[in-house]
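Fold and geometry: a report
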Amino acid sequence: MTRKALAKGPQPPLDLTEVEVILEQTKVYRNGLQQARIRLDLVSKHGGQPSDLSLNEIASIRLFDYHNQNSGAIPFSDDGSTTYKGWSAQRDYRGYVSQTTRAGEPRALQSYFLYLSAHAEATETLDVAFAIHGDDLSVWRTNGKCTIKGVDQSMTWMDKNVGITMTPVPPERYPASSFMLDRRALDPAGHPDIENSEGIFDDIVTVSILLVDQTTLGIRSMICDPAGLIHWKDKVSNIRQPCFTGYVEPGETTIHWNDAMNDHVGSIAPPERLASPEDESGVIVLCGRVDIPSWAGAPEAPVKVTMTDAHGSVQSCHIGFVKGERDELIVT
(Lines give C-alpha, C1' and ligand atoms only; values in the text may rest on other atoms or scores of the structure.)
Protein backbone atom coordinates (compact mmCIF):
# COMPACT_ATOMS: atom_id res chain seq x y z
CA MET A 1 0.00 0.00 0.00
CA THR A 2 1.11 3.54 -0.69
CA ARG A 3 0.55 6.48 1.59
CA LYS A 4 -1.14 9.57 0.20
CA ALA A 5 0.62 12.92 0.40
CA LEU A 6 0.66 14.15 3.99
CA ALA A 7 -0.84 17.45 5.04
CA LYS A 8 1.37 20.01 6.70
CA GLY A 9 1.81 19.74 10.46
CA PRO A 10 2.98 16.90 12.70
CA GLN A 11 3.61 13.74 10.72
CA PRO A 12 2.79 10.19 11.82
CA PRO A 13 5.96 8.65 13.22
CA LEU A 14 7.93 6.45 10.85
CA ASP A 15 8.86 2.99 12.10
CA LEU A 16 11.01 0.50 10.21
CA THR A 17 10.40 -3.10 11.25
CA GLU A 18 12.63 -4.98 8.78
CA VAL A 19 15.74 -3.75 6.97
CA GLU A 20 18.28 -5.52 4.77
CA VAL A 21 21.20 -4.14 2.74
CA ILE A 22 22.17 -6.19 -0.31
CA LEU A 23 25.22 -5.52 -2.47
CA GLU A 24 24.39 -7.05 -5.83
CA GLN A 25 28.01 -6.48 -6.89
CA THR A 26 30.91 -6.55 -4.46
CA LYS A 27 33.53 -5.27 -6.92
CA VAL A 28 33.52 -2.35 -9.32
CA TYR A 29 36.11 -1.12 -11.82
CA ARG A 30 37.72 2.23 -11.00
CA ASN A 31 36.68 3.72 -14.32
CA GLY A 32 33.94 6.09 -13.15
CA LEU A 33 31.30 4.47 -15.38
CA GLN A 34 30.62 0.92 -14.22
CA GLN A 35 28.17 0.77 -11.34
CA ALA A 36 27.37 -1.57 -8.49
CA ARG A 37 23.70 -1.81 -7.66
CA ILE A 38 22.96 -1.50 -3.93
CA ARG A 39 19.56 -2.70 -2.73
CA LEU A 40 17.68 -1.64 0.39
CA ASP A 41 14.83 -3.93 1.44
CA LEU A 42 12.52 -2.76 4.23
CA VAL A 43 9.12 -2.90 5.86
CA SER A 44 7.72 0.37 7.22
CA LYS A 45 4.86 1.72 9.28
CA HIS A 46 3.51 5.22 9.80
CA GLY A 47 1.64 5.88 13.02
CA GLY A 48 1.66 2.14 13.69
CA GLN A 49 -0.05 1.30 10.39
CA PRO A 50 1.77 -0.63 7.67
CA SER A 51 2.49 1.69 4.73
CA ASP A 52 5.15 2.35 2.13
CA LEU A 53 7.63 5.17 2.45
CA SER A 54 6.32 8.52 1.25
CA LEU A 55 7.72 10.06 -1.93
CA ASN A 56 9.76 12.48 0.17
CA GLU A 57 11.14 9.65 2.27
CA ILE A 58 12.10 7.68 -0.82
CA ALA A 59 13.85 10.76 -2.23
CA SER A 60 15.75 11.11 1.04
CA ILE A 61 17.47 7.71 0.80
CA ARG A 62 21.25 8.19 0.72
CA LEU A 63 24.43 6.14 0.88
CA PHE A 64 27.21 6.91 3.33
CA ASP A 65 30.41 5.44 4.71
CA TYR A 66 29.35 2.96 7.42
CA HIS A 67 32.22 4.15 9.63
CA ASN A 68 31.75 7.89 9.07
CA GLN A 69 28.14 9.05 9.22
CA ASN A 70 29.02 12.68 9.97
CA SER A 71 31.18 13.51 6.95
CA GLY A 72 31.09 10.31 4.93
CA ALA A 73 28.03 11.02 2.78
CA ILE A 74 28.52 9.67 -0.74
CA PRO A 75 27.41 12.43 -3.11
CA PHE A 76 25.12 11.88 -6.05
CA SER A 77 27.14 12.67 -9.16
CA ASP A 78 26.75 11.50 -12.74
CA ASP A 79 30.06 12.87 -14.01
CA GLY A 80 32.28 12.27 -10.99
CA SER A 81 32.74 15.99 -10.36
CA THR A 82 31.88 15.36 -6.69
CA THR A 83 33.06 12.26 -4.86
CA TYR A 84 33.78 10.86 -1.42
CA LYS A 85 37.27 9.31 -1.50
CA GLY A 86 36.70 8.65 -5.20
CA TRP A 87 33.20 7.17 -4.81
CA SER A 88 29.97 8.65 -6.15
CA ALA A 89 26.34 7.53 -6.15
CA GLN A 90 23.64 7.56 -8.81
CA ARG A 91 19.92 6.93 -8.90
CA ASP A 92 19.83 5.65 -12.47
CA TYR A 93 21.51 2.71 -14.20
CA ARG A 94 23.93 3.59 -17.01
CA GLY A 95 23.84 0.17 -18.65
CA TYR A 96 27.46 -0.89 -18.13
CA VAL A 97 27.90 -4.59 -17.41
CA SER A 98 29.11 -5.75 -14.00
CA GLN A 99 31.92 -8.27 -13.86
CA THR A 100 30.68 -9.87 -10.61
CA THR A 101 27.15 -10.29 -9.33
CA ARG A 102 25.12 -11.55 -6.43
CA ALA A 103 21.90 -10.31 -7.97
CA GLY A 104 18.67 -11.89 -6.78
CA GLU A 105 15.00 -11.13 -6.98
CA PRO A 106 13.78 -8.53 -4.48
CA ARG A 107 11.87 -9.99 -1.56
CA ALA A 108 8.13 -9.46 -1.11
CA LEU A 109 8.55 -6.05 0.55
CA GLN A 110 9.72 -2.59 -0.41
CA SER A 111 12.94 -2.55 -2.39
CA TYR A 112 14.86 0.59 -3.25
CA PHE A 113 17.97 0.79 -5.45
CA LEU A 114 20.93 3.12 -5.63
CA TYR A 115 24.09 2.78 -7.68
CA LEU A 116 27.72 3.26 -6.74
CA SER A 117 30.65 4.04 -9.04
CA ALA A 118 34.37 4.24 -8.33
CA HIS A 119 36.70 6.72 -9.97
CA ALA A 120 40.46 6.50 -10.42
CA GLU A 121 41.14 7.97 -6.97
CA ALA A 122 39.00 5.33 -5.22
CA THR A 123 41.80 3.10 -3.96
CA GLU A 124 40.27 1.85 -0.69
CA THR A 125 37.35 -0.46 0.03
CA LEU A 126 34.12 1.16 1.17
CA ASP A 127 31.64 -0.21 3.69
CA VAL A 128 28.25 0.98 2.55
CA ALA A 129 25.32 2.10 4.68
CA PHE A 130 21.93 3.66 3.96
CA ALA A 131 20.25 6.62 5.63
CA ILE A 132 16.49 7.28 5.39
CA HIS A 133 15.01 10.57 6.59
CA GLY A 134 11.41 10.25 7.76
CA ASP A 135 8.76 12.91 7.29
CA ASP A 136 8.63 13.01 11.11
CA LEU A 137 12.30 14.17 11.10
CA SER A 138 13.59 10.79 12.26
CA VAL A 139 16.77 9.43 10.66
CA TRP A 140 17.22 5.69 10.23
CA ARG A 141 20.74 4.48 9.49
CA THR A 142 21.89 0.98 8.68
CA ASN A 143 24.96 1.39 10.87
CA GLY A 144 22.56 1.22 13.84
CA LYS A 145 22.94 4.87 14.84
CA CYS A 146 19.49 6.40 14.46
CA THR A 147 17.82 9.64 15.48
CA ILE A 148 14.25 9.33 16.78
CA LYS A 149 12.28 12.31 18.13
CA GLY A 150 15.49 14.31 18.05
CA VAL A 151 17.34 11.84 20.24
CA ASP A 152 20.38 9.93 18.97
CA GLN A 153 20.18 6.27 19.89
CA SER A 154 21.64 2.92 19.01
CA MET A 155 19.48 0.25 17.39
CA THR A 156 21.37 -3.00 17.27
CA TRP A 157 18.96 -4.63 14.83
CA MET A 158 19.54 -1.77 12.34
CA ASP A 159 23.30 -2.38 12.38
CA LYS A 160 24.02 -4.09 9.04
CA ASN A 161 27.76 -4.66 9.20
CA VAL A 162 28.13 -7.89 7.23
CA GLY A 163 28.43 -8.18 3.46
CA ILE A 164 28.53 -4.44 2.84
CA THR A 165 32.08 -4.01 1.54
CA MET A 166 32.61 -2.62 -1.95
CA THR A 167 36.04 -3.22 -3.48
CA PRO A 168 37.43 -0.96 -6.25
CA VAL A 169 39.61 -2.78 -8.78
CA PRO A 170 41.82 -1.37 -11.55
CA PRO A 171 40.19 -1.37 -15.00
CA GLU A 172 41.12 -4.31 -17.19
CA ARG A 173 43.37 -3.38 -20.12
CA TYR A 174 43.26 -5.79 -23.03
CA PRO A 175 46.20 -6.51 -25.36
CA ALA A 176 45.97 -6.24 -29.15
CA SER A 177 45.45 -10.00 -29.36
CA SER A 178 42.09 -9.64 -27.55
CA PHE A 179 40.52 -7.48 -30.27
CA MET A 180 38.59 -9.56 -32.77
CA LEU A 181 37.90 -8.43 -36.35
CA ASP A 182 35.00 -10.03 -38.21
CA ARG A 183 34.51 -9.08 -41.86
CA ARG A 184 31.45 -9.30 -44.07
CA ALA A 185 30.06 -7.50 -47.11
CA LEU A 186 28.30 -4.21 -46.45
CA ASP A 187 26.23 -4.78 -49.58
CA PRO A 188 26.23 -8.49 -50.56
CA ALA A 189 25.11 -7.53 -54.07
CA GLY A 190 28.33 -5.59 -54.60
CA HIS A 191 28.47 -3.34 -57.67
CA PRO A 192 26.81 -5.43 -60.41
CA ASP A 193 26.11 -2.35 -62.52
CA ILE A 194 29.82 -1.58 -62.89
CA GLU A 195 31.73 -3.22 -65.70
CA ASN A 196 34.85 -5.06 -64.51
CA SER A 197 33.85 -4.62 -60.87
CA GLU A 198 36.41 -7.13 -59.59
CA GLY A 199 38.44 -5.48 -56.87
CA ILE A 200 35.65 -3.01 -56.04
CA PHE A 201 33.87 -3.69 -52.78
CA ASP A 202 32.43 -2.16 -49.62
CA ASP A 203 32.78 -4.35 -46.51
CA ILE A 204 32.29 -3.89 -42.80
CA VAL A 205 34.68 -5.24 -40.19
CA THR A 206 33.21 -5.41 -36.69
CA VAL A 207 35.50 -4.84 -33.72
CA SER A 208 34.86 -6.67 -30.44
CA ILE A 209 36.81 -7.96 -27.43
CA LEU A 210 37.38 -11.68 -26.96
CA LEU A 211 37.88 -12.65 -23.32
CA VAL A 212 39.97 -15.55 -22.05
CA ASP A 213 36.82 -17.64 -21.48
CA GLN A 214 36.00 -17.18 -25.19
CA THR A 215 33.01 -14.96 -24.49
CA THR A 216 32.74 -11.56 -26.17
CA LEU A 217 32.74 -8.28 -24.31
CA GLY A 218 30.72 -5.59 -26.03
CA ILE A 219 31.92 -2.11 -26.98
CA ARG A 220 29.84 0.93 -26.01
CA SER A 221 31.74 3.62 -27.93
CA MET A 222 34.56 3.78 -30.45
CA ILE A 223 36.46 6.58 -32.18
CA CYS A 224 39.23 6.35 -34.78
CA ASP A 225 41.80 9.15 -34.97
CA PRO A 226 42.22 9.90 -37.79
CA ALA A 227 38.94 8.57 -39.09
CA GLY A 228 40.56 6.30 -41.64
CA LEU A 229 43.59 5.38 -43.75
CA ILE A 230 44.37 4.27 -47.29
CA HIS A 231 46.71 1.49 -48.46
CA TRP A 232 48.25 0.34 -51.73
CA LYS A 233 49.73 -3.17 -51.83
CA ASP A 234 52.29 -1.98 -54.38
CA LYS A 235 53.01 1.73 -54.67
CA VAL A 236 53.99 2.06 -58.30
CA SER A 237 52.64 4.52 -60.82
CA ASN A 238 50.46 2.07 -62.73
CA ILE A 239 48.84 0.50 -59.65
CA ARG A 240 45.61 2.19 -58.65
CA GLN A 241 43.90 -0.48 -56.55
CA PRO A 242 43.98 0.72 -52.96
CA CYS A 243 41.78 -0.05 -50.00
CA PHE A 244 40.71 2.59 -47.52
CA THR A 245 38.77 2.68 -44.27
CA GLY A 246 36.27 4.70 -42.29
CA TYR A 247 34.47 3.84 -39.06
CA VAL A 248 31.04 3.74 -37.41
CA GLU A 249 30.37 4.08 -33.71
CA PRO A 250 28.42 1.30 -31.93
CA GLY A 251 24.68 1.83 -32.23
CA GLU A 252 25.10 4.35 -35.07
CA THR A 253 24.85 4.13 -38.85
CA THR A 254 26.75 7.22 -40.03
CA ILE A 255 30.15 6.39 -41.54
CA HIS A 256 33.01 8.73 -40.64
CA TRP A 257 35.70 9.21 -43.30
CA ASN A 258 39.08 10.86 -43.19
CA ASP A 259 38.81 14.39 -44.63
CA ALA A 260 42.13 13.79 -46.40
CA MET A 261 40.22 11.41 -48.70
CA ASN A 262 37.74 14.03 -49.92
CA ASP A 263 39.45 14.56 -53.27
CA HIS A 264 40.71 10.98 -53.67
CA VAL A 265 37.70 8.63 -53.64
CA GLY A 266 37.80 7.64 -57.30
CA SER A 267 34.78 7.33 -59.56
CA ILE A 268 32.68 5.44 -56.99
CA ALA A 269 31.76 7.41 -53.91
CA PRO A 270 32.12 5.57 -50.59
CA PRO A 271 28.91 4.68 -48.73
CA GLU A 272 27.49 7.21 -46.28
CA ARG A 273 25.84 4.92 -43.75
CA LEU A 274 25.10 1.37 -42.69
CA ALA A 275 21.71 -0.20 -43.33
CA SER A 276 21.42 -0.97 -39.59
CA PRO A 277 23.58 -0.31 -36.51
CA GLU A 278 25.87 -2.72 -34.69
CA ASP A 279 24.85 -2.23 -31.07
CA GLU A 280 27.67 -4.08 -29.30
CA SER A 281 30.53 -3.61 -31.76
CA GLY A 282 32.55 -0.88 -33.36
CA VAL A 283 32.70 -1.00 -37.15
CA ILE A 284 35.54 -0.39 -39.57
CA VAL A 285 34.25 0.18 -43.11
CA LEU A 286 36.66 -1.27 -45.66
CA CYS A 287 36.41 -0.17 -49.29
CA GLY A 288 38.32 -1.45 -52.31
CA ARG A 289 38.70 0.66 -55.45
CA VAL A 290 40.62 0.35 -58.73
CA ASP A 291 41.11 3.93 -59.90
CA ILE A 292 42.86 5.86 -57.11
CA PRO A 293 46.56 6.60 -57.66
CA SER A 294 48.86 7.24 -54.70
CA TRP A 295 49.61 10.82 -53.73
CA ALA A 296 52.04 12.62 -51.46
CA GLY A 297 50.73 12.93 -47.91
CA ALA A 298 48.16 10.15 -48.20
CA PRO A 299 47.02 8.97 -44.71
CA GLU A 300 48.67 5.55 -44.68
CA ALA A 301 49.58 5.18 -40.99
CA PRO A 302 47.48 2.89 -38.76
CA VAL A 303 44.65 4.71 -37.02
CA LYS A 304 44.43 4.95 -33.23
CA VAL A 305 41.23 3.33 -32.00
CA THR A 306 39.85 4.37 -28.62
CA MET A 307 36.98 2.36 -27.19
CA THR A 308 34.86 2.21 -24.05
CA ASP A 309 34.00 -1.41 -23.34
CA ALA A 310 30.78 -2.78 -21.83
CA HIS A 311 32.34 -2.53 -18.35
CA GLY A 312 32.98 1.19 -18.86
CA SER A 313 36.76 0.84 -19.17
CA VAL A 314 38.72 2.65 -21.89
CA GLN A 315 40.65 0.45 -24.32
CA SER A 316 42.96 1.49 -27.14
CA CYS A 317 44.81 -0.08 -30.02
CA HIS A 318 45.85 0.69 -33.60
CA ILE A 319 44.31 -0.77 -36.73
CA GLY A 320 46.19 -0.78 -40.02
CA PHE A 321 46.82 -2.87 -43.12
CA VAL A 322 49.04 -5.94 -43.32
CA LYS A 323 52.12 -5.10 -45.37
CA GLY A 324 52.23 -6.99 -48.64
CA GLU A 325 48.50 -7.72 -48.64
CA ARG A 326 45.86 -5.66 -50.38
CA ASP A 327 42.88 -5.71 -48.03
CA GLU A 328 43.86 -7.45 -44.78
CA LEU A 329 43.55 -5.47 -41.53
CA ILE A 330 45.58 -6.06 -38.38
CA VAL A 331 45.31 -4.86 -34.77
CA THR A 332 48.47 -3.65 -33.06
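Described in the following lines is the structure provided in the data block. These numbers were taken from a predicted model, which means no experiment stands behind them. (Residues numbered from 1 in each chain as written. Predicted model: local features only at pLDDT ≥ 70, side-chain atom pairs only at ≥ 80, totals over all residues. Heavy atoms only, no water.)

Okay, the pairing of strand β18 (residues 243–248) next. Burial within β18 is extensive, with six of its six residues counted as buried. Of the pairings in the sheet, the one linking strand β17 (residues 230–231) to β18 comprises two bridges and is antiparallel in character. Counterpart to I230 in the pairing with β18 is F244. (Buried < 20%, exposed > 50% of the residue type's maximum accessible area, 1.4 Å probe, protein only. Helix = DSSP H or I, 4+ residues; strand = E, 2+ residues; numbered from the N terminus. Pairing = 2+ DSSP bridges.)

Right, let's talk about the pattern of salt bridges for a bit. For the structure shown, the criterion picks out eight salt bridges. Here R37 makes a salt bridge to E24, at a shortest N to O gap of 2.9 Å. In this pair, R37 sits in strand β3 (residues 36–46) while E24 sits in the loop between β1 (14–23) and β2 (27–29), placing the two residues 13 residues apart along the sequence. On the basis of relative accessible area, E24 is assigned to the buried category, the value being 2%. When the shortest N-O distance is used, the salt bridge between E278 and R184 registers 2.3 Å. Here R184 lies in strand β13 (residues 179–185) and E278 lies in the loop between β18 and β19 (282–288), a separation of 94 residues in the sequence. Where salt bridges share partners, they join E24, R37, R39 and D41 into one cluster. (Salt bridge = Lys/Arg side-chain N within 4 Å of Asp/Glu carboxyl O.)

Counting 37 residues, the largest nonpolar core has L16, I38, L63, W87, L116, W140 and M166 as its most contacted members. For this core, the secondary structure elements donating two or more residues are β1, β3, β5 (62–65), β6 (87–90), β7 (110–118), β8 (126–133), β10 (143–148) and β11 (151–159). Looking at which element gives the most residues to this core, the answer is β8, with six residues. Counting 26 residues, the second largest nonpolar core, distinct from the first, contains Y174, L211, M222 and A310. (Core = buried A, V, L, I, M, F, W, Y, C linked by side-chain atoms within 4.5 Å.)

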